[in-house]
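Geometric and topological summary
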Amino acid sequence: MRFEKARYTERFGSVRINEVQKILELDSGRANGNNAGETIAAQRIEEDVMRDLEEKTLIVIPTKNEKLKLLEGVVSGIPHDCSILIVSNSQRKDVDRFRMERDMLEQYCHFTRRKAHIIHQKEPLLAKALEEGGYKDIIDDEGLIRNGKAEGMIASIFMAMLLGKSYIGFIDADNYFPGAVWEYVKCYVAGFSMAKSPFSMVRIQWRYKPKISEGIYFRKWGRVSEITNKYMNLLISNRSGFETDIIKTGNAGEHAMSIELAELLCYASRFAVEPQELISDGDKHGVDIFQMETRNPHLHEDKGEEHLQDMLMPGLSTIYHSAICDEITKAKIALELFQQKLIGENEEPPKPQLAAPPKQINLAKFRESIADYIPMFSVLEE
Ligand code: GDD
Ligand code: MG
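A short tour of the structure in this document, coming up. (Residues numbered from 1 in each chain as written. Chains lettered and ligands numbered in written order. Predicted model: local features only at pLDDT ≥ 70, side-chain atom pairs only at ≥ 80, totals over all residues. Heavy atoms only, no water.)

**Some points on the pattern of salt bridges**
Stated formally: Only one rule defines a salt bridge in this text: a Lys or Arg side-chain nitrogen within 4 Å of an Asp or Glu carboxyl oxygen. Only protein chains enter the accessibility calculation, which uses a 1.4 Å probe; a residue is then buried when its area is under 20% of its type maximum, exposed when over 50%, and partly exposed in between. Every helix listed is a DSSP run of H or I at least four residues long, and every strand listed is a run of E at least two residues long, numbered separately from the N terminus.
Under the definition given, this model contains 19 salt bridges. Between glutamate 4 and arginine 7 there is a salt bridge, with its nearest N and O atoms 3.8 Å apart. The exposure class of arginine 7 is exposed, given its relative accessible area of 64%. For the salt bridge of arginine 16 with aspartate 288, the shortest nitrogen-to-oxygen distance reads 2.6 Å. Placement of arginine 16 in strand 3 (residues 15-25) and of aspartate 288 in strand 14 (residues 287-293) is noted, with a sequence separation of 272 residues between them.

Here you go:
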């Protein structure tokens, strides 16, 4: 593959935020060892380099009652050498949708000769193992993992640690284009190949997110993302005294991290998880953040307006309550939320619930407790 090189990098503490890099070629041809002339503006990443990184990557698909055909399409887009984990919070009563997902995955693995994992977020053994490892932040009053995509993601970070993976990448299950899924994974590993720090993150920026009403309109910006980006950039601008628009992926649901970084971050719940990841305190360690712009348009299930409002509040309140947020940014966020009719005048947004860094778990105890469950979540065809 061939990517634009980042022409500009914003330094925020010890976090290096690279400007958006576009894909120049999805396929850059046979390796010929001749990369002369590449180094200034473009960077070619060889197939083998990508494959090596894919072997070390766990791709996680959070899903909750999505159409099985969409989920199967997403699975089919993941490059062969990556490991796959579906973390499902789908219904089990009446129609056992989780069973259907598992059967689909089993059949898929049989025909593709590959290995995958599937867990249910409400599996009691999983919650018990986390508790025994001393990590209770995502457990509810009933002793199970709480609902939410973020909670599923956090659970999957522990699975990646257990499986000894070096990288973890997330891809939503409601994506209509397997080709886009393939491209996300390629962007993830391309970013990792460019990282200088062991703490790295790759975030996807969609070239287009089409809307279908009377015809098809190739929209570039999501409504919530636009607002979240604006306030994240404001926070950075106010800290440095130089206005910037470097952040284009504040809400990227599609993103990946090195496990070393994933272990260190605090996580907000629900839809605040992505903005929180960006402003978390990884900056003590030096972090490389890449923003990659894909070629495939992003087309997912349309879940309506109400849902967008739902997403705006947690994202902005995370920025608001961050220890690094200044008073001017706070005031502007409060005004935005007031104008969106999400809070009253002079009201503060509610504090987001934060889950502790996964590193705090006692991995040995977690591993011991979950040992019996492991064969149940592996789908493996020999
Ligand atoms: N495991 C699990 N548990 N998965 C869940 C849960 C849950 O409780 N709730 C939702 N999911 C899955 C969905 O099935 C889907 O695959 C994915 O999480 C994202 O949920 P959507 O409901 O499709 O979210 P969205 O499309 O509105 O928002 C997406 O894009 C935003 C940026 O535009 C998400 O990726 C957001 O996280 C992101 O901020
Ligand atoms: Mg979606």
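The discussion continues.
**Considering the packing of aromatic side chains**
Basically, it comes down to this: Each Phe, Tyr or Trp ring (for Trp, its six-membered ring) is paired with any other whose centre lies within 6.5 Å, and the angle between the two planes then decides the class: stacked below 30 degrees, edge-to-face above 60, tilted in between. The rule is short: NZ of Lys or CZ of Arg within 6 Å of the ring centre and within 35 degrees of the ring normal puts a charge over the ring.
Considering all chains together, one arrives at four aromatic pairs under this definition. Ring geometry for tyrosine 167 and phenylalanine 192: centres 4.1 Å apart, planes at 25°, overall stacked. Note that tyrosine 167 is positioned in strand 8 (residues 167-170) and phenylalanine 192 in helix 6 (residues 178-194), a separation of 25 residues in sequence. Among the residues examined, phenylalanine 192 registers a relative accessible area of 5% and is labelled buried. With centroids separated by 5.6 Å and ring planes inclined at 75°, the aromatic side chains of tyrosine 208 and phenylalanine 218 adopt a geometry described as edge-to-face. Remark: phenylalanine 218 occurs in the loop between strand 11 (216-217) and helix 7 (223-240) and tyrosine 208 occurs in the loop between strand 9 (200-205) and strand 10 (211-212); sequence separation between them is ten residues. A relative accessible area of 33% places tyrosine 208 in the partly exposed class. In this structure an aromatic cluster arises from ring pairing among Tyr135, Phe158 and Phe366. Between lysine 330 and the ring centre of tyrosine 320, over which it is positioned, the NZ or CZ distance is 5.2 Å.

**Description of unusual backbone geometry**
Leaving glycine aside, a negative phi is the common case for residues, and trans is the common case for peptide bonds. We note that asparagine 65 has phi near 55°; this positive angle belongs to a residue other than glycine. The residue asparagine 65 is located in the loop between strand 5 (57-63) and helix 2 (68-76) in this model. Positive phi outside glycine occurs at lysine 341, with the angle close to 60°. Along the chain, lysine 341 turns up in the loop between helix 11 (327-339) and strand 15 (354-355).

**Considerations on the environment of glutamine 91**
Convention followed: Contact definition: two residues touch when any of their heavy atoms are within 4.5 Å. Here a polar contact means two N or O atoms within 3.5 Å. Within protein one must be a hydrogen donor candidate and the other an acceptor candidate, and residues neighboring in sequence count only if both atoms are side-chain atoms.
Position of glutamine 91 among the secondary structure elements: in the loop between strand 6 (83-88) and helix 3 (97-112). Separated by 35 residues in sequence, glutamine 91 and lysine 56 have C-alpha atoms that sit 31 Å apart. Among residues more than four places away in sequence, those in contact with glutamine 91 are Asn65, Asp96, Arg97 and Phe98. A polar contact of 3.2 Å, which involves the side chain of glutamine 91, links it to the backbone oxygen of lysine 93.

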